[in-house]
Amino acid sequence: MDDLDARLRDLRSPESDRRRPLPDRAERHLKALLSEDRMRRRGPRSSRNILATTATAFVAIMIVVVAVLRIDGGTAQALTPPALEFTSDEQGVGDIIGEAIMSLEQSSGPQQPERGSRHLGWFVHIDMDEDTARAPVVIKPEIIDLKWNKDLSGAQTTTAAEAYWADPRIQTLSDDMAPAPGTLLSKVTFETGEFAVPSASLPGQSVPDMHELLVSLGMPIVEPGAGDVIESIDSAMGLWTLTNHQHAGLLQLLLDAGDLELLGATTDRLRRQVVGLRAEPASFPGTARVLLVSMETGRIVGIETVRTTDEPPLKAGDVVAYNLWEVSE
């Protein structure tokens, strides 16, 4: 087993007798990049539950140290996917959210919330091997499909999605560099009572119901910032597939938070037309969350995490994680 798998195994297994202390440099990166508060919010009941009850955290938020990569000539190699490029919009945040809510009223969506979530996820990978760290970086997204039941049973499968180079100058990707799309990477099943969530009851449809849901997932009860709201939306959408009315409630909570920046329009990593809304969560300093709203349906379809400060080898503006929902089968 390579060093990456060994270290991730140790991080995911609290009872592992193979756990080794990280080097000082790695420890500094982890403290700067990880949000321990976010990891605690899911409250897994056992190590067997961690993959599902912290699915979003491990796929999108567990940012760990990466070795500095080099290419010919000594130029720093791209470590992360290209950042989305936004076209500025003269409209205000309120106008954009209002338009999204109107679109939600007219577009199709689930009539009732569903227990489960399907999303495309990627996060910065660890690489402590200085020899292999000099190879160009391949981005290997994964599709996480979670289904769970009222009795807290369920299953989660993880399959490979289409891989690509972090450096867009490199085009050719050979078969041995990444699993083929659709390759089953893991499957976890949960017997009755094993899947840990704050509540198995279907959340209500009102704005107060959405507030209650997000608070149960760690959002401050009083005067949450927009970054705090996005943090908990990420958690909620990792567990639930919500209705259009519930998405409208989430957008209203974002608008009420007040400290939301409109980035403008862009095309996301699934080639969909979206609008980006940005905020910085208090629980995760040095990063910002970018929430992506479909211009067609008004639904929340993605959340990306970007650095706002340099944390070598990462730079301000680097994309360090993303989750994309509404992923086709």
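Residues numbered from 1 in each chain as written. Predicted model: local features only at pLDDT ≥ 70, side-chain atom pairs only at ≥ 80, totals over all residues. Heavy atoms only, no water.

**Things to note about the pairing of strand 10 (residues 287–294)**
Argument step 1. The buried fraction of strand 10 amounts to eight of the eight residues, a majority that puts the element mostly inside the structure.
Argument step 2. Both faces of strand 10 are covered, namely the face carrying Thr287, Arg289, Leu291 and Val293 and the face carrying Ala288, Val290, Leu292 and Ser294.
Argument step 3. Relative to strand 10, strand 9 (residues 273–279) runs antiparallel, the two being bridged by six bridges. Looking across to strand 10, one finds that alanine 279 is bridged to arginine 289.
Argument step 4. Where strand 10 and strand 11 (residues 300–307) come together, seven bridges link them in antiparallel fashion. Note on strand 11: the bridge partner recorded for valine 293 is isoleucine 300.
Argument step 5. In this structure, the hairpin formed by strand 10 and strand 11 is closed by a connection of five residues, where glycine 298 is found at a positive phi of approximately 85 degrees. (Buried < 20%, exposed > 50% of the residue type's maximum accessible area, 1.4 Å probe, protein only. Helix = DSSP H or I, 4+ residues; strand = E, 2+ residues; numbered from the N terminus. Pairing = 2+ DSSP bridges.)

**Structural notes on the pattern of salt bridges**
Argument step 1. Evaluated as defined, the whole model comprises ten salt bridges.
Argument step 2. Between arginine 269 and glutamate 304 there is a salt bridge; the shortest N-O distance is 2.7 Å. Of the two residues, arginine 269 is situated in the loop between strand 8 (261–267) and strand 9 and glutamate 304 in strand 11; the sequence distance between them amounts to 35 residues. For the pair arginine 269 and glutamate 304, a shared accessibility class is recorded, and that class is buried. (Salt bridge = Lys/Arg side-chain N within 4 Å of Asp/Glu carboxyl O.)

**Comments concerning a negative patch on the surface**
Argument step 1. On the surface, Asp89, Glu90, Asp95 and Glu99 cluster together into a negatively charged patch.
Argument step 2. Residue position: aspartate 89 is located in the loop between helix 5 (55–61) and helix 6 (93–106).
Argument step 3. The exposure class assigned to aspartate 89 is partly exposed, which follows from its relative accessible area of 35%. (Patch = residues over 30% accessible without salt bridge, like charges linked within 9 Å, V, L, I, M, F, W, Y side chains within 5 Å. Areas by Shrake-Rupley, 256 points an atom, 1.4 Å probe, with all protein chains shown as cover. Lys, Arg positive; Asp, Glu negative; His and termini not counted. Charge placed at Lys NZ, Arg CZ, Asp CG, Glu CD.)

**Examining unusual backbone geometry**
Argument step 1. Put simply, proline 312 and proline 313 share a cis peptide bond, and its omega is 10 degrees.
Argument step 2. With respect to the element layout, proline 313 can be found in the loop between strand 11 and strand 12 (319–324).
Argument step 3. For glutamate 223, which is not glycine, the phi dihedral falls at a positive 45 degrees.
Argument step 4. Tracing the backbone shows glutamate 223 in the loop between helix 7 (207–216) and helix 8 (226–237).
Argument step 5. The backbone of glutamate 326 sits at a positive phi, close to 60 degrees, despite the residue not being glycine.
Argument step 6. Its relative accessible area of 41% is what places glutamate 326 among the partly exposed residues.

**Concerning the environment of threonine 159**
Argument step 1. Within the secondary structure layout, threonine 159 lies in strand 4 (residues 154–160).
Argument step 2. Sequence separation between threonine 159 and proline 141 is 18 residues, and the spatial gap between their C-alpha atoms is 9.0 Å.

**What to know about the packing of aromatic side chains**
Each aromatic ring pair is summarised here by two numbers: the centre-to-centre distance and the angle between the ring planes.
Argument step 1. In total, this model carries four aromatic pairs according to the counting rule given.
Argument step 2. Between the aromatic rings of tryptophan 148 and tryptophan 240, the centroid separation amounts to 5.0 Å while the plane-to-plane angle is 70 degrees, which identifies the pairing as edge-to-face. A residue pair is termed long-range when its members are at least 10 positions apart, and tryptophan 148 in strand 3 (residues 142–148) and tryptophan 240 in strand 7 (residues 240–241) qualify at 92 residues. Each of the two residues, tryptophan 148 as well as tryptophan 240, counts as buried.
Argument step 3. Taken together, the ring pairs connect Trp148, Phe190, Phe195 and Trp240 into an aromatic cluster.
Argument step 4. Sitting above the plane of the tryptophan 148 ring, arginine 115 keeps its charged end 5.8 Å from the centroid. (Phe/Tyr/Trp six-rings, centres within 6.5 Å; stacked < 30°, edge-to-face > 60°. Lys NZ or Arg CZ within 6 Å of the ring centre and 35° of its normal.)

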